[in-house]
Amino acid sequence: MSTPVLSVKNLTTSFRVDGQWKSVVRDISFDVGAGETVAIVGESGSGKSVTSLSIMRLLAANSSRIDGKIFLNGRDLVALSEKEMRSVRGNEMAMIFQEPMTSLNPIFTIGRQISEVLTRHKGMTAAEARDETIRLLEKVRIPNAKGRFDEYPHQFSGGMRQRVMIAMALASKPKLLIADEPTTALDVTIQGQILDLIKVLQEEEGMSVLFITHDMGVVAEISDRTIVMFRGEAVETGKTDDIFHRGQHAYTRALLSAVPKLGSMEGRKLPLRFPIVDVKTGISTEPSEEKDTVSKKGPILEVKNLVTRFAIRSGLFSRQTGAIHAVENVSFDLREGETLSLVGESGCGKSTTGRSIMRLIEPTSGQIQLDGYNVRDLRGSDLRRMRKSIQMIFQDPFSSLNPRMTVGAAVAEPFIKHQMGSKRQAQEKAADLLERVGLSSAMMNRYPHEFSGGQRQRIAIARALSLDPKVIVADESVSALDVSIKAQVCNLLLDLQESLNLAFLFISHDMAVVERVSHRVAVMYLGEIVEIGPRASVFENPQHPYTKKLMAAVPVPDPARRGIRRGISNDELKSPVRPNGYQPPQREYREVSSGHFVQVA
Amino acid sequence: MTAIEQTSPVVAEKREGNRAWRKLKASRSATAGLIIIGFFAILAICAPILPIPDPVATSWSAIRKAPSAAHWLGTDDLGRDILSRMVWGARASLMAGIFSVTLAVVIGVPFGILAGYFGGWVDLVISRITEALLAMPFLIMAIALAAFLGPSLTNAMISIGLTAMPIFVRLTRGQVLAVKQEDFVEGARSVGLGHVDIMSRYILPNVTAPIIVQATLTVATAIIAEASLSFLGLGQQPPAASWGSMLNVAKNFLSQAPWMAMWPGAAIFLVVIGFNLLGDGLRDALDPREH
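Here the structure is a predicted model, which means the values were calculated and not measured.

So, how was this worked out
Residues numbered from 1 in each chain as written. Chains lettered and ligands numbered in written order. Predicted model: local features only at pLDDT ≥ 70, side-chain atom pairs only at ≥ 80, totals over all residues. Helix = DSSP H or I, 4+ residues; strand = E, 2+ residues; numbered from the N terminus. Contact = placed C-beta atoms within 7 Å. Nonpolar A, V, L, I, M, F, W, Y, C, P; charged D, E, K, R; others polar. Axes fitted to C-alpha atoms, helices over the stretch in contact; angles between N-to-C directions. Left-handed = near helix turned anticlockwise from the far one by under 90°. UniProt positions renumbered as here; feature names shortened; annotations may be inferred. Pairing = 2+ DSSP bridges.

Participant: Would you mind going over the overall build of chain B with me for this structure?
Facilitator: A tally of helices and strands in chain B yields 11 helices and zero strands. Mapped from its N terminus to its C terminus, chain B presents α and β elements in the order α-α-α-α-α-α-α-α-α-α-α. The C-alpha extent of chain B, read off along each of the three principal axes, is 85 × 55 × 30 Å. Contacts spanning at least 24 positions in sequence make up 71% of the contacts within chain B whose residues lie at least 6 apart.

Participant: Please explain the interface of chain B and chain A as it appears in this structure.
Facilitator: On the side of chain A, 31 residues touch chain B, which itself brings 22 residues to the contact. The set of elements that each furnish at least two residues to the side of chain B that touches chain A consists of α8 (183-190) and α9 (195-231) of chain B. Considering each element in turn, the side of chain B that touches chain A owes the most residues, six residues, to α8 of chain B. The residue inventory of the side of chain B that touches chain A, partitioned by class, reads nine nonpolar, five polar and eight charged.

Participant: What should I look at first to understand the packing of helix α4 (residues 82-118) of chain B against helix α7 (residues 153-180) of chain B in this one?
Facilitator: Helices that pack against each other are described as a pair by the angle of their axes relative to one another and the distance between those axes. Residue and element names in this part refer to chain B. The interhelical angle for the contact between α4 and α7, taken along N-to-C directions, is 35 degrees, at an axis separation of 5 Å. The two elements α4 and α7 meet at a crossing, and its hand is right-handed. Residue classes in the contact of α4 with α7 are distributed as 26 nonpolar, six polar and three charged.

Participant: I'm lost on the UniProt feature "domain: ABC transporter" (unreviewed entry) in chain A in this one. Help?
Facilitator: Cross-referencing UniProt, the feature "domain: ABC transporter" (unreviewed entry) maps to residues 6-256 and 301-551 of chain A in the present numbering. Within the segment residues 6-256 of chain A, helix and strand shares are 39% and 27% respectively, and the terminal C-alpha atoms sit 27 Å apart.

Participant: Looking at this structure, I do not really get the UniProt feature "transmembrane region" (unreviewed entry) in chain B. What am I missing?
Facilitator: All names here are of chain B. Here, UniProt's "transmembrane region" (unreviewed entry) annotation points to residues 29-50, 94-120, 132-150, 156-172, 203-225 and 261-279. Along residues 132-150 one finds 84% helix and 0% strand; the C-alpha atoms at either end are 23 Å apart. A helix fraction of 100% and a strand fraction of 0% characterise residues 261-279, whose end C-alpha atoms lie 27 Å from each other.

Participant: What should I look at first to understand the sheet that holds strand β6 (residues 93-96) of chain A in this one?
Facilitator: The strands making up a sheet associate through backbone hydrogen bonding, with each pair oriented either parallel or antiparallel. All names here are of chain A. The mixed open sheet is built from six strands, whose spatial order is β6-β7-β8-β3-β9-β10. Looking along the sheet, the strands with just one partner apiece sit at the ends: β6 and β10 (233-239). For this sheet, the mean angle separating the axes of adjacent strands, direction not counted, is 15 degrees. In the sheet, strand β3 (residues 37-41) pairs with strand β9 (residues 225-230) via four bridges, with the strands oriented parallel. Paired with A39 across the strands is T226, a residue of β9.

Shown next as structure tokens:
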């Protein structure tokens, strides 16, 4: 290999915590060659982002310390002054971040923000910078770049903003692009577009890319070489193909086996637990065959023609000018012991469906029969009683528990409020539930902040179970968790389904997890179910174009299956905003196979 | 886990004492604040039994005397002992500060929670009234109310409290709007809790920190407002002392008798700092997320 563009030697980064230096990245060395893509992969707290921030020297100088050497084109960045670094950043190397919604300044037009980089770093005149900016926006495939030059960030979607960020990063023709989880906040079809774009731009510009991610699928898709980080150390470095197929380190193997792979369930009818691999030994325990938990009785939850719309009001007298048709004519049923997944991308109405069923949001029309209740007719205390039958687990374990309430009180509270027993019984129940979700009952007096994300999600599950519900709405409940934790929580949900005969309405955007845990799947698009059926049938024989598109966009954690070029499209997700008086078209469904329906018109 | 542990009955870990109180004691600034406020509070409480001269006894022979062995802090324009007046004045000032802010919090916070939690027309009515009240200058509003209620220290405190109330309505409402978005509030609804439970157990505990900080700041404002009302004859009635009224008299003699202004000024300054330090410490101590 010729001289590497970036060469990191024995990098150790420490932070000062309470007067003591604590190293979060220890003794890491790697090179990024010309035109090469190197991925750093790891779970939260592995030090991958700190590594990238160390390279950019973006850590606060007074509370952090960088030891070792970082050569960019042969120059040691650690030795440079802050002033010299400023000419390196955004010039020789550029960075794109995770959150496209907040990384652009909302009060300047995007054209101005990009041309500013050009006038400052490249000494261009305003007119030259304008032309160059338009060229860059075209390069990142923003349609009608000239017309959008004077638009503000809020007029762009998340995917388009990430394109703008990339255009800005490319403005100074950097040798190295550092991408820190650039697609994590994006929907899967948009993620595919951005990954393709980065790959194509890299070839066109001859850049090197250092790609930070937690997603093994993305790694397999994009990187030539991969560094696996675990608790601040690089446990394994090698060709991406070798890492995936001949991983040496136990942690690498543990991480890979926890990653759900789309298509790994072929030939199976029932959900399957994730294999759990010991991080130290790398020995994996294969999951046993599942029992069929689905009840033969009638459905516990029946939803018919559910419609939820939100009025859009504007003008002086808040006249209704339109409506968001968040859920449009959705019907399905759910049996005890069954998992029905609602999948789709952001804005497709999957969460609104879950919330409408629980009446956390008022549906506009439709019928909901739940465990003998006619949900839409309930008022006041009846409504509260109904909620004993259906419970919800939220996405973000950091905001779903009251920080001022001990976990014991949080788990016992619903039981006490519904007068299901004495305080003492509630305590015992709470202790029992905590044990049941894999925590110790001795932790009852602790506050939520003393737990990790995965543990908090277990507490949230325990709380949801305290009313002995029959249906659980799991709204992206494992999406925010690290892969290994995600696997454990999914297994816990399957265990609970088996022992308590729970019905899950599993709302998720993650096709690979959905494939693993569901009995049936409903694909939602613009508020409607476009395809619904048994999981095996929908995944092995998708019929609707949107289902196909969704499946094709999921990055598969297998480098051998890469290179199915999707062609750089820049379709955006459509919005379900409709004008006043809009009549939704009558939909018809065709039965593909037993129980598998697809929308045809 | 061993079999013994599994079969052992439910024994929760011991609650870690009173966590907030321990954290408050560990905070140096909170301790300093507590000491300052405690010092003045003890002075105020012990005023009748301290060996000090009568605070209202005038002396024609000792007008505007600088601090000396006889009068440690000097005397005022009517020859009254300033130390004695300071001690008795602490009662009026501290009471005015604490009582009026308590009134403002007790009325303002519930309205703020109602407005933020329910939104819609409840919010509309409460917020518009709050804004109308806030549009009037603080002191003018307090003067108008005090004049309406009649001149006395109690009425001054009530009018200051009512005037300060809209600040708490608005602050609380804003905090509630933010907390209301959190998943745990929706979670509370989804387990079937009623509005009162959600407001008292999920919303209120999560909005107290900024309210406490604002309250300590407002105590300072209230002490100064009481001074102004006393000056206009609407607060503490002469000859009884309050720091504010002492300060207002003293401003006529700044060049001849600077000590007349210095002591009450310093006392107000110290008490205000004391409340601010305590407020900061409380904010940290009350938050279980911060260690």
